[in-house]
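Architecture at a glance
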Amino acid sequence: MTSETKPELSVVIVDDEAIARRRLRRMLERMPGVAVCGEAADGEAALARIDELTPEVVLLDIRMPELDGLEVAERLPDQTHVIFTTAYEEYAVRAFEAAAVDYLLKPIEHDRLEQALERVRRLDTPPERQELKRILREVTGREQPPRVAARRGDMIQLFDPRRIARFHSEDGYTVFRHDGRNYLLDESIVSLARRLKPWGFVRIHRAEMVNLHHVKALRRVDDATVVELADGQRATVSRRHLRGLKEALGVQ
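Small disclaimer: the values here were computed from a predicted structure and weren't measured. (Residues numbered from 1 in each chain as written. Predicted model: local features only at pLDDT ≥ 70, side-chain atom pairs only at ≥ 80, totals over all residues. Heavy atoms only, no water.)

1. Overview of the packing of aromatic side chains
- Tallied over the entire structure, the rule returns 5 aromatic pairs.
- Here the aromatic rings of F159 and F176 are separated by 5.1 Å at their centres, their planes lie at 75°, and the arrangement is edge-to-face. Within this pair, whereas F159 is found in strand 7 (residues 155–159), its partner F176 is found in strand 9 (residues 173–178), the two being separated by 17 residues in sequence.
- Accessibility expressed as a relative area gives 5% for F159, which makes it buried.
- The exposure class assigned to F176 is buried, which follows from its relative accessible area of 1%.
- Through a chain of ring-to-ring contacts, the aromatic side chains of F159, F167, F176, Y183 and F201 assemble into a single cluster. (Phe/Tyr/Trp six-rings, centres within 6.5 Å; stacked < 30°, edge-to-face > 60°. Helix = DSSP H or I, 4+ residues; strand = E, 2+ residues; numbered from the N terminus. Buried < 20%, exposed > 50% of the residue type's maximum accessible area, 1.4 Å probe, protein only.)

In structure tokens:
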């Protein structure tokens, strides 16, 4: 092996979306010194494949039905390097606490994936706790959630969406509550949902969305499902959006 040759890394891809697995495989197959030795579409299958193939690296999706990526990571051998892949930046803290080498935000870029694998090559063992904390500070400081701007008279007020439990449409405006007061936005629910999805917001109705971190309970009221939020608000979930909400909350 010459000094130019990179040591080969064996990789298992774990993602419940076939398209995502295919895309990762195509990127990895174009990288020198990387061998994709297997795939899995859910957590239980991932544990079986990893036990069978003993890869050096697992590219591990966080959001999966039944057993999610964080639960899988906690059951992996200490010598297995974990690179999380996720569309949700809010998972960074838990991901690094589970001893990930790195974490990639979807859609994953080729160069960023190469950087993560190079990091594995530089490590003899998965990072120590102090090193994980350093990486976590770097990652979480890289991007903050977009602010929500509400006009009030001649003033525009900016809000951190992580402190908002619910947005809904009313009389042509988008309405949200903050510290007991209602505010109006010109921005549509569709536009807000697109911007705020990575920070835990999901649609529960064509004219309504909620923050998953503020959900306290789901209740059946007559023939409808009602979501209860931490600030006391309630909202009815449409049949069309009920399954997506339950999946996002990890409930049956």
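Still to come is the rest of the account.
2. Focus on the sheet that holds strand 12 (residues 208–211)
- Across the sheet, which stays open at both edges, the 5 strands sit in the order 10-9-8-12-11 with antiparallel pairing between neighbours. What marks the edges here is a single partner per strand, and that holds for strand 10 (181–185) and strand 11 (201–205). Direction aside, the axes of adjacent strands within the sheet are offset by 30° on average.
- This element, helix 8 (residues 239–249), spans strand 11 and strand 12 of the sheet and lies at about 150° to strand 11. (Pairing = 2+ DSSP bridges. Axes fitted to C-alpha atoms, helices over the stretch in contact; angles between N-to-C directions. Contact = heavy atoms within 4.5 Å.)

3. Here we look at the packing of helix 1 (residues 18–29) against helix 5 (residues 110–122)
- Look at helix 1 against helix 5: their axes get within 11 Å of each other, and the N-to-C directions meet at 70°. The angle between the axes of helix 1 and helix 5 places the two elements in the roughly perpendicular class. Crossing angle aside, the handedness with which helix 1 passes helix 5 is right-handed. Residues L24, M27 and L28 of helix 1 touch helix 5, and the partners they reach there are H110, L113 and L117.
- When its residues are assigned to classes, the contact of helix 1 with helix 5 shows 5 nonpolar, 1 polar and no charged. (Parallel < 35°, antiparallel > 145°, perpendicular 65-115°, else oblique. Left-handed = near helix turned anticlockwise from the far one by under 90°. Nonpolar A, V, L, I, M, F, W, Y, C, P; charged D, E, K, R; others polar.)

4. Some remarks on the environment of R152
- Position of R152 among the secondary structure elements: in strand 6 (residues 148–152).
- Classification of R152 as partly exposed rests on a relative accessible area of 39%.
- C-alpha separation for the pair R152 and L185, spaced 33 residues apart in sequence, amounts to 9.8 Å.
- Residues contacting R152, with those up to four places away along its chain left out, are Q157, R181 and Y183.

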